[in-house]
Amino acid sequence: MLEILEDAIIDSVKLIPFLFLTYLLMEYIEHKTKEKTKETIKKSGKYGPFIGALLGIVPQCGFSVSATNLYAARVITLGTLIAVYLSTSDEMLPIFLSEGVAIDIILKILAIKLIIGMIAGFLIDFVVRLKNKGNTEKEKIIDLCEKEHCHCEHGIFKSALKHTINIFIFIFVFTLIINLVIHLIGEENIAGFMLDRPILGPILSGIIGLIPNCASSVIITQMYLTNIISIGTMIAGLLVSAGVGLAVLFRINKGVKENIKITILLYAIGVVSGILLELIGLNI
């Protein structure tokens, strides 16, 4: 037990400087570009899914929240919202960078999420337009008060430090649990259970992705880095994972049934995409 605890501490502590520097850069980028990003997606029109997916892969804290607010106000389309949800990587990018994952691998994973987000977004908007064809009534744009979750008002240094501490604690606890589970069950048995099931893996990963905070992307990314899940299973979960975006959707968007349908749609796209990637034998 002491050895497991020691390994968890060492594995987590060594990530602190990389996590802090990554979050500091992310906070700086968001602080400088947040308003421009929102204005860009507001003006995107029928190209919304393209712009949304493109902006979604940029590591900005709370961008899925901003997109959710814009959708609830009917400023952007459903396809654009889904494109943002699918492409956003939440905590994946800083964890990958802190673990020293090769840049080309990171770019390939981001590209896959980007392409899936764009395709899904355009298809959804196309179906919605067909469904609403002949309906001349314009949807009213609602005035909403956006509630950001980035704590940028306290300065980027303090915000980056807070992110680092939160993620460090979570990674430490998760690493400790994972190490203990691996020790008790065996790495080969766990990997065999997840890796040899191209259908079950993405389904379970998608369920984890529905956790409405950074926990989901942290868990999924760490499981991939420890070779417990495959690339297809990881992408399935990360496609579903939209940070706190879904939680905010249920809070501010009127119509519980609509919100449930959006959640199911997001989950279905993520899981089906992951299963397809598993079946074609994607290996990055």
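For the structure, see preceding data.
Below you will find a few notes about this structure. Counting of residues starts from 1 at the beginning of each chain's written sequence and follows it residue by residue. In keeping with the predicted nature of the model, local features appear solely for residues at pLDDT of at least 70, side-chain atom pairs appear and are counted solely at 80 or more, and the whole-chain, interface and lining totals rest on all residues. The basis for every side-chain value is the complete set of non-hydrogen atoms in the structure, without hydrogens or water.

Attention shifts here to the pattern of salt bridges. For salt bridges, the criterion is a side-chain nitrogen of Lys or Arg within 4 Å of an Asp or Glu carboxyl oxygen. Scanning the model with the defined rule gives one salt bridge in all. Residue R74 is joined to E258 by a salt bridge in which the shortest nitrogen-to-oxygen separation is 3.3 Å. One end of the pair, R74, is in the loop between α4 (63-72) and α5 (78-87); the other, E258, is in helix α14 (residues 256-279), with 184 residues separating them in the sequence. What counts as a helix is a DSSP run of H or I of at least four residues, what counts as a strand is a run of E of at least two, and both are numbered from the N terminus.

Quick look at the environment of M223 now. Within the secondary structure, M223 sits in helix α11 (residues 215-225). Between the C-alpha atoms of M223 and T233, which are 10 residues apart in sequence, the distance is 9.9 Å.

The subject of this paragraph is helix α13 (residues 245-252). Relative accessibility under 20% of the residue-type maximum defines a buried residue, over 50% an exposed one, and the middle range a partly exposed one, all with a 1.4 Å probe and only protein chains included. When we look at burial in α13, the residues that qualify are G245, L246, V248 and L249. Buried residues of α13, viewed axially, fall in a sector of 160 degrees; they line one side. Contacts between residues were defined by any pair of non-hydrogen atoms, one from each residue, lying within 4.5 Å. The inward-facing, buried residues of α13 contact α4, α5 and α14. Within this analysis, the arc is defined by the directions that extend from the helix axis to the C-beta atoms.

As a further point, take the nonpolar core. General note: in soluble globular proteins, nonpolar side chains tend to be found buried as a group. Ranked by size, the top nonpolar core spans 42 residues in total, and within it L81, I82, L86, F96 and M234 carry the most contacts. Per-element accounting of this core gives the leading share, seven residues, to helix α7 (residues 103-131). Dropping the residues within four chain positions of it, L86 is found in contact with K113, I116, G117, A120, L238, L239, L266 and I269. Judged by nonpolar contacts, the second largest core, of five residues, contains A53, A83, L114 and M118. To define a nonpolar core, start from buried Ala, Val, Leu, Ile, Met, Phe, Trp, Tyr and Cys residues and group those joined through side-chain atoms within 4.5 Å.

A word on helix α12 (residues 231-240). Here α12 lies mainly inside the structure; 10 of its 10 residues are buried. Among the residues of α12, I231, G232, T233, M234, I235, A236, G237, L238, L239 and V240 are the ones counted as buried.

In this analysis, axes come from line fits to C-alpha atoms, helices being fitted only over the stretch in contact, and the angle between any two N-to-C directions falls in the range 0 to 180 degrees. α12 packs onto α11 with a crossing angle of 175 degrees between their chain directions and a minimal axis gap of 9 Å. As the angle between them shows, α11 and α12 are arranged roughly antiparallel. Of α12, the residues touching α11 (which contributes S217, I220, T221 and Y224) are I231, M234, G237 and L238. Under the grouping applied here, Gly and all other residues not named as nonpolar or charged are polar, the nonpolar ones being Ala, Val, Leu, Ile, Met, Phe, Trp, Tyr, Cys and Pro and the charged ones Asp, Glu, Lys and Arg. Here the residues of the contact of α11 with α12 sort into five nonpolar, three polar and no charged. Oblique is the label for any angle not covered by the other classes, which are roughly parallel (under 35 degrees), roughly antiparallel (over 145) and roughly perpendicular (65 to 115).

Position of N253 relative to the elements: it lies in the loop between α13 and α14. When its relative accessible area of 5% is taken as the criterion, N253 is described as buried. Polar contact is the term for a pair of N or O atoms within 3.5 Å; when the atoms are in protein, one must be able to donate a hydrogen and the other to accept it, and sequence-neighboring residues count only if both atoms are side-chain atoms. Engagement of the side chain of N253 in a polar contact is seen with the side chain of N259, the distance being 2.7 Å. Not counting residues up to four positions away in its chain, the partners in contact with N253 are Y71, A72, R74, V248, E258 and N259.

Moving on, we get to a nonpolar patch on the surface. Distance thresholds for patches are 9 Å for like charges and 5 Å for nonpolar side chains (Val, Leu, Ile, Met, Phe, Trp, Tyr), applied to residues having over 30% relative accessible area and no salt bridge. The Shrake-Rupley method, run with a 1.4 Å probe, gives the accessible areas here. Residue values count only the displayed protein chains as cover. Together, F157, L161, I165, I169, V173, I177, L180, V181, L184 and I185 make up an exposed nonpolar region whose accessible area comes to about 880 Å². Note that L161 resides in helix α8 (residues 156-185).

What follows deals with the packing of aromatic side chains. Between rings of Phe, Tyr and Trp, where Trp is taken as its six-membered ring, a pair exists when centres lie within 6.5 Å; planes separated by under 30 degrees are stacked, by over 60 edge-to-face, and by other angles tilted. Overall, the coordinates contain two aromatic pairs when judged by the stated rule. Arranged with centres 5.3 Å apart and planes meeting at 75 degrees, the rings of F20 and F157 form a pair that is edge-to-face. With F20 in helix α2 (residues 16-42) and F157 in helix α8, the pair connects residues that are 137 residues apart, well separated along the chain. A centroid spacing of 6.2 Å and a plane angle of 50 degrees characterise the contact between F96 and Y224, whose relative ring orientation is tilted. Here Y224 lies in helix α11 and F96 lies in helix α6 (residues 92-98), a separation of 128 residues in the sequence. Overall, the relative accessible area of 0% leaves F96 in the buried class. Relative accessible area serves as the criterion here: at 16%, Y224 is assigned to the buried category.

In this model, N227 sits at a positive phi of 60 degrees, which is unusual for a non-glycine residue. Among the structural elements, N227 can be located in the loop between α11 and α12.

Residue placement: S98 occurs in helix α6. In this structure S98 comes out as buried when scored by relative accessible area, which is 7%. At a separation of 2.8 Å, a polar atom in the side chain of S98 contacts the main-chain carbonyl oxygen of I95.

At their nearest, the axes of helix α10 (residues 200-209) and α12 sit 7 Å apart, and the two run at 30 degrees to each other. Classified by the interaxial angle, the pair formed by α10 and α12 is roughly parallel. Viewed along their axes, α10 and α12 form a crossing whose handedness is right-handed. Two secondary-structure elements touch here, α10 through G201, P202, S205, G206 and G209 and α12 through T233, M234, A236, G237 and V240. Put simply, a crossing is left-handed when the front helix is turned counterclockwise from the back one by less than a right angle, and right-handed when it is turned clockwise.

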